[in-house]
Amino acid sequence: MWVSSRALLTPLTVLTSLLIVPGAGAQPTEAGERLRAWELHQRMEAESPFRELEWRAVGPMQAGARVEAIAVPPGNHGVIYVGIGSGNLWKTENNGTTWTPIFEKESSFSIGDVAIAPSDPEVVWVGTGETQPRHSGYSYSGTGVFKSVDAGESWRHMGLADTHHIGKVLVHPTNPDVVFVAALGHFWSPNSERGVFRTTDGGESWEHLLFVSDHAGVVDLVMDPSDPNILLASAWETVSGKPVEAGLESGIYRSTDGGDHWEKVEAGLPPGPLGRIGLDLAPSGDGVGYAFVDNWSSSPIEDREIIGGEVYRSDDSGESWRRVNESDLYSVFGVYGWKFTDIRVSPEDPDDLFILGNRAFHSEDGGRTFSRIGERIIRMHDTRGVIMHLDHHEIWIDPLNPDRVLLGNDGGLFQSWDRGESWLHHNNIPAAEFYSISLDQSDPYRIFGGTQDNAALYGPGHIPIGDAVWDPWENVYLDQWTGGDSFDTYLDPTDSAFVYYEHQHGALRRMNITQESVLTGAAKSIRPRVRGVEWAWRSGWYTPFVISHFDPFTILLGGNRLLKSRDRGETWEAVSPDLSDSPEGPRGVVPFGTITMIAESVLEPGLIYVGTEGGSVWRTQDGGEGWRRVNEGLPTKWISRIVASRHEPGRVVISQTGFREDDFRTYLFRSDDHGATWTSIAGDLPDESVNAVQEDPVQPDLLYAGTDLGVFVTGDGGSTWHSLSSRLPTTPVHDLDIHEGEGELVIGTHGRSAFVLDLEPVREWFGGIR
């Protein structure tokens with residue numbers, strides 16, 4: 001998150017951005033379809049002629065990533081399980097000195113929660129699917145719950161595949177066969193498999209205990225430590241496209257009979273509408289509980305649409321509540337619940353608690369007053385960051401030593417031994433979430449890329465990661481909060497000292513990486529603007545830009561229009577009309593329908609294609625003088641990639657994704673007549689969202705595709721595909737690039753950093769030459 005940009009968004013803006021419907025008429029993929037597609041994915045890996053090819057993991061490690069879940073087995077506090085939002089599950093047995101990935105080949109890589117049976121630490125549960133709905137970013141759905149009976153050595157899928165996003169897994173304190181699951185359900189479409197579920201036979205069967213509606217799921221669930229029959233659940237209404245009364249079904253529910261019956265709790269709580277609610281009951285077992293509530297009710301404060309984060313306390317195990325925070329948390333601290341709201345109570349003092357929002361705060365007086373956690377940080381790999389990262393998602397307090405705290409945020413895992421005054425940053429997990437990558441032509445070559453909330457980075461493609469190896473990656477920049485969302489990142493072809501990079505909504509910059517500190521903010525803004533004309537040029541969350549093949553001083557950037565600079569970003573002009581799917585543009589909310597992809601032909605000067613969020617494809621053959629829409633026959637799905645062929649004039653390949661509609665089918669098409677007609681080249685690919693496509697620069701018939709679950713290659717125009725994922729973890733591949741000199745394929749994943757593959761065996765198998 002780049003806070004300077006977020007500051008422009010009101011809480012109502014954030015609320016509205018959750019309610020945008022990306023497409024029309026989309027049919028969500030059924031759970032059975034997804035599991036059958038995964039079975040095909042596994043068969044293709046096992047039968048691939050390239051199943052023995054090894055990928056080289058090259059990092060970065062230091063970037064960290066979004067930690068969603070932390071679990072520590074009772075009695076063995078050197079063992080820690082960490083769930084990365086879209087980076088699988090990791091385990092350490094030496095208190096974070098080294099880590100091992102232990103959830104590598106399952107049908108989901110997205111972790112919502114991890115739970116260990118208190119009575120048997122060998123029994124570990126994973127609830128898949130992130131619990132942070134975001135319109136423009138990536139919040140991946142899962143495929144249900146998984147169980148291990150050997151401390152993570154092996155896993156078995158235990159059902160609930162259509163829950164998509166699991167907020168909490170809760171194991172009974174004495175009976176490991178009794179497990180509760182809190183599920184949010186689909187983010188983008190209504191569905192019934194959401195709420196609270198219970199198994200009494202170790203996951204062989206499930207009961208649906210609490211169902212609020214097909215738009216509201218359950219994101220948090222706690223059990224009274226003095227009486228396991230008392231449960232509190234927080235419902236959250238999240239489905240995109242819900243009418244403006246969204247939030248009225250959010251609230252707290254209570255059961256006193258182990259989940260058989262539930263009542264909505266209203267005593268002392270705001271009437272709503274409400275956003276996310278975090279819950280905790282004091283481990284001391286004296287009935288003290290807390291709720292961190294994102295209150296969407298109208299704010300009495302001028303220029304504030306909603307009240308925002310509030311802390312409520314119960315002294316009767318959740319039967320009644322009262323607000324305890326004395327000051328307005330949003331006004332004083334900038335704390336809002338939004339998609340965070342975790343709250344944890346110390347095991348030794350029910351008045352000692354932490355709340356997590358965009359920042360993290362500590363209270364020692366029962367939530368009446370708060371102070372920000374300490375920001376003295378030692379990092380296992382230096383990033384030149386100076387303070388605590390933003391956006392906090394998970395916290396664990398050691399029941400044997402409450403001074404020891406584990407904190408998970410967008411920057412990774414942090415450990416404190418003085419109750420949050422100082423921290424050790426465990427940024428030794430290679431889990432960067434790349435949006436895009438590019439390669440330079442130095443020797444050895446370097447990989448440049450933008451990541452989710454961990455800035456833009458660059459590093460060598462030839463050095464494999466290792467526990468005892470210093471991470472050679474460097475930041476292009478860091479914002480003042482030691483992070484920042486970044487996307488396309490390119491080395492200036494005219495001067496290798498300069499790098500182009502961007503933040504959200506078209507905030508493009510040029511920086512001298514050889515002279516300027518990554519923390520000074522000295523990069524030059526070259527963001528396109530129209531003076532005095534609001535929304536004339538508007539950009540989406542991710543704004544694509546490319547450097548022209550024909551003129552290294554020329555940059556093309558896509559918003560609602562295609563913009564062009566001929567002087568390295570100093571000045572801009574529009575070279576298209578409004579090509580967005582909503583030309584008028586929403587006022588005051590996140591723009592929708594803008595350009596997502598740009599492809600400039602290397603064979604035909606002036607030939608440019610662009611694609612949009614809503615599935616429009618536009619073509620110009622004269623550098624922008626005239627435009628033609630060329631998506632007839634294509635589905636109305638988000639354009640995730642356009643490739644103008646470097647081998648065949650008139651050939652163009654596009655990929656589309658429906659994941660923002662809970663549609664995970666494969667959309668991959670080719671045209672040989674500049675987009676006049678299209679043919680599906682999905683062939684025998686399993687149904688997986690396609691994020692990236694790349695032609696082989698040497699062998700024209702080879703085409704590579706990066707999906708939400710791996711990498712594939714075809715040599716016959718898309719009829720037959722072969723898996724390149726046998727030695728990869730299950731990971732979303734967001735970008736592909738090929739270094740022509742080295743003959744290597746580089747992938748940027750959204751959760752497992754970057755990997756490199758030697759293409760010589762692939763080319764030889766297909767009968768080509770290097």
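Residues numbered from 1 in each chain as written. Predicted model: local features only at pLDDT ≥ 70, side-chain atom pairs only at ≥ 80, totals over all residues. Heavy atoms only, no water.

Looking at this structure, I do not really get the overall build of the protein chain. What am I missing?
Looking only at helices and strands, the protein chain features five helices and 57 strands. Computed over its C-alpha atoms, the radius of gyration of the protein chain comes to 25 Å, within 12% of the 27 Å expected for a compact globule of 770 residues. Across the 770 residues that make up the protein chain, the buried fraction comes to 66%. Approximately 25800 Å² of the protein chain is accessible, and the part contributed by carbon and sulfur atoms is 48%. (Helix = DSSP H or I, 4+ residues; strand = E, 2+ residues; numbered from the N terminus. Rg over C-alpha atoms; globule rule 2.2 N^0.38 Å. Buried < 20%, exposed > 50% of the residue type's maximum accessible area, 1.4 Å probe, protein only. Areas by Shrake-Rupley, 256 points an atom, 1.4 Å probe, with all protein chains shown as cover.)

How do you make sense of the confidence of the model for the protein chain when you look at a structure like this?
Detail in the predicted coordinates should be disregarded across regions flagged by low pLDDT. Mean pLDDT over the protein chain stands at 92; residues scoring 70 or higher make up 92%. Here residues 1-25 is modelled with pLDDT under 50, and outside its nearest four sequence neighbours on either side it reaches 69 contacts, counting other chains as well. Taken as a whole, residues 585-591 scores under 50 in pLDDT and shows 24 contacts with residues more than four places along the chain or in a different chain. (pLDDT = per-residue confidence, 0-100. Contact = heavy atoms within 4.5 Å.)

Would you take a moment to explain helix α3 (residues 31-47) for this structure?
Since the α-helix packs 3.6 residues into each turn, any two residues three or four apart lie on the same face. The end-to-end C-alpha distance of α3 is 25 Å, a good match for the 24 Å that 17 residues give at a rise of 1.5 Å each. All of the buried residues in α3 are Ala-31, Arg-34, Ala-37, Trp-38, His-41, Met-44 and Glu-45. For α3, the angular spread of the buried residues around the axis is 135°, confining them to a single face. Turned more than 90 degrees off the buried face of α3, the exposed positions are Arg-36, Ala-46 and Glu-47. Elements in contact with the buried residues of α3: β49 (663-671), β53 (711-714) and β54 (721-723). (Expected span 1.5 Å × (residues − 1). Arc of directions from axis to C-beta.)

Looking at this structure, how should I read the sheet that holds strand β27 (residues 392-397)?
Pairing between sheet strands relies on hydrogen bonds along the backbone, with the strands arranged either parallel or antiparallel. Ordered by their spatial adjacency, five strands build an open sheet running β26-β30-β29-β28-β27, and the pairing between neighbours is mixed. Strands with a single pairing partner mark the edges of an open sheet, and in this sheet they are β26 (376-379) and β27. With direction set aside, neighbouring strand axes in the sheet form an average angle of 25°. (Pairing = 2+ DSSP bridges. Axes fitted to C-alpha atoms, helices over the stretch in contact; angles between N-to-C directions.)

Got a minute to help me understand the sheet that holds strand β40 (residues 555-558) in this structure?
Taken in spatial order, the four strands line up as β39-β40-β41-β42 in an open sheet, and their pairing is antiparallel. The sheet is open, and its two borders are formed by β39 (545-547) and β42 (573-574), each paired with just one other strand. As judged from the four bridges shared by β40 and strand β41 (residues 562-565), these two strands associate in the antiparallel manner. Along β41, the bridge assignment pairs Leu-557 with Leu-563.

For this particular structure, what's the right way to read empty space enclosed by the protein?
Over the atoms rolls a probe the size of a water molecule, and its path tells where empty space is left. With the rule as written, the count across this model stands at twelve cavities of 30 Å³ or more. In this model, the second largest cavity occupies a volume close to 240 Å³. Lining the second largest cavity are 19 residues, and of these Arg-34, Ser-107, Thr-143, Phe-664 and Leu-709 sit closest to its centre. Counting residues per element, the lining of the second largest cavity draws most heavily on α3, which supplies five residues. (1 Å grid on protein atoms, 1.4 Å probe; cavity = no way out; pocket = protein on both sides within 12 Å on 5 of 7 lines; lining within 4 Å. Points joined across faces, edges and corners; volume = space filled by probe spheres on them.)

Help me understand a negative patch on the surface in this model?
A cluster of acidic residues, Glu-648, Asp-684, Asp-701 and Asp-716, forms a negative patch at the surface. Counting through the fold element by element, Asp-684 comes out in the loop between β50 (679-680) and β51 (690-695). According to the relative accessible area criterion, Asp-684 is partly exposed, its value standing at 32%. (Patch = residues over 30% accessible without salt bridge, like charges linked within 9 Å, V, L, I, M, F, W, Y side chains within 5 Å. Salt bridge = Lys/Arg side-chain N within 4 Å of Asp/Glu carboxyl O. Lys, Arg positive; Asp, Glu negative; His and termini not counted. Charge placed at Lys NZ, Arg CZ, Asp CG, Glu CD.)

What's the story with the pattern of salt bridges in this structure? I'm lost.
Oppositely charged side chains may form a pair once their charged atoms are brought near each other. Under the criterion given, the structure shown has 42 salt bridges. Put simply, Glu-204 and Arg-156 hold a salt bridge, and the shortest N to O gap is 2.8 Å. Separated by 48 residues along the polypeptide, Glu-204 in the loop between β12 (195-199) and β13 (207-210) and Arg-156 in strand β9 (residues 156-157) bring together distant segments of the chain. The exposure class assigned to Arg-156 is partly exposed, which follows from its relative accessible area of 45%.

Help me understand the packing of aromatic side chains, please; the structure alone is not making it clear to me.
Each aromatic ring pair is specified by the distance between its two centres and by the angle formed by the two planes. With the rule as written, the count across this model stands at 18 aromatic pairs. When the centroid spacing of 6.1 Å and the interplanar angle of 50° are considered together, the rings of Phe-434 and Trp-473 count as tilted. Placement of Phe-434 in strand β31 (residues 434-439) and of Trp-473 in the loop between β33 (456-460) and β34 (474-475) is noted, with a sequence separation of 39 residues between them. Under the relative-accessibility criterion, Phe-434 is labelled buried at 0%. One Lys or Arg, Arg-34, reaches over the ring of Phe-664 and ends 4.0 Å from the middle of that ring. Cation over ring: Arg-568 sits above Phe-498, and NZ or CZ is 5.2 Å from the ring centre. (Phe/Tyr/Trp six-rings, centres within 6.5 Å; stacked < 30°, edge-to-face > 60°. Lys NZ or Arg CZ within 6 Å of the ring centre and 35° of its normal.)

Would you explain the environment of Leu-724 in this entry?
Within the secondary structure, Leu-724 is located in the loop between β54 and β55 (733-739). Excluding residues within four positions of it along the chain, Leu-724 makes contact with Phe-50, Trp-55, Tyr-704, Val-711, Phe-712, Val-713, Leu-745, Leu-757 and Val-762.

It is not clear to me how the nonpolar core should be interpreted in this structure. Could you clarify?
Nonpolar side chains tend to gather and get buried jointly when the protein is soluble and globular. Counting residues in hydrophobic clusters, the biggest one holds 19 residues, and the most contacted among them are Trp-55, Tyr-704, Val-711, Leu-724, Leu-745 and Ile-747. Among the elements that make up this core, the one with the highest residue count is β55 (three residues). Not counting residues within four places of it along the chain, the set of residues in contact with Trp-55 comprises Val-711, Leu-724, Arg-727, Leu-728, Leu-745, Ile-747, Phe-755, Val-756 and Leu-757. (Core = buried A, V, L, I, M, F, W, Y, C linked by side-chain atoms within 4.5 Å.)

Just to check I follow, could you spell out the side chain of Thr-92 for this structure?
As for its placement among the helices and strands, Thr-92 is situated in strand β4 (residues 89-92). According to the relative accessible area criterion, Thr-92 is buried, its value standing at 0%. Separated by 2.9 Å, the side chain of Thr-92 and the backbone nitrogen of Gly-96 make a polar contact. Polar side-chain contacts of Thr-92 include one of 2.8 Å to the backbone oxygen of Thr-98. When neighbours within four sequence positions are excluded, Thr-92 is seen to be in contact with Gly-78, Val-79, Ile-80, Thr-97, Thr-98 and Trp-99. (Polar contact = N/O pair within 3.5 Å; in protein donor to acceptor, adjacent residues only side chain to side chain.)

Help me understand the environment of His-503, please; the structure alone is not making it clear to me.
With respect to the element layout, His-503 can be found in the loop between β36 (498-502) and β37 (508-512). Using a relative accessible area of 2% as the deciding quantity, one classes His-503 as buried. Sequence spacing of His-503 and Arg-527 is 24 residues, and the spatial spacing of their C-alpha atoms is 9.9 Å. Within the structure, His-503 has its side chain in polar contact with the side chain of Tyr-477 (distance 3.1 Å).

Any chance you could explain the layout of surface pockets here in plain terms?
There is about 1100 Å³ of room inside the second largest pocket. Lining the second largest pocket are 33 residues, with Pro-118, Leu-170, Asp-280, Pro-283 and Trp-396 sitting closest to its centre. Going through the elements one at a time, β2 (67-71), β6 (111-117), β10 (166-171), β14 (216-224), β18 (274-281), β22 (343-345) and β27 are the ones with two or more residues in the lining of the second largest pocket. Here the residues of the lining of the second largest pocket are counted per class, giving 26 nonpolar, one polar and six charged. (Nonpolar A, V, L, I, M, F, W, Y, C, P; charged D, E, K, R; others polar.)

I'm lost on the side chain of Glu-394 in this one. Help?
Within the secondary structure layout, Glu-394 lies in strand β27. Here Glu-394 falls in the buried class, since its relative accessible area comes to 5%. A distance of 3.4 Å separates a polar side-chain atom of Glu-394 from the backbone nitrogen of Ile-70. Within the local environment of Glu-394, its side chain forms a polar contact with the side chain of Arg-344, the two groups lying 3.2 Å apart. Apart from residues lying up to four places away in sequence, Glu-394 is in contact with Glu-68, Ala-69, Ile-70, Asp-113, Asp-342, Arg-344, Leu-356, Leu-406, Leu-407 and Gly-408.

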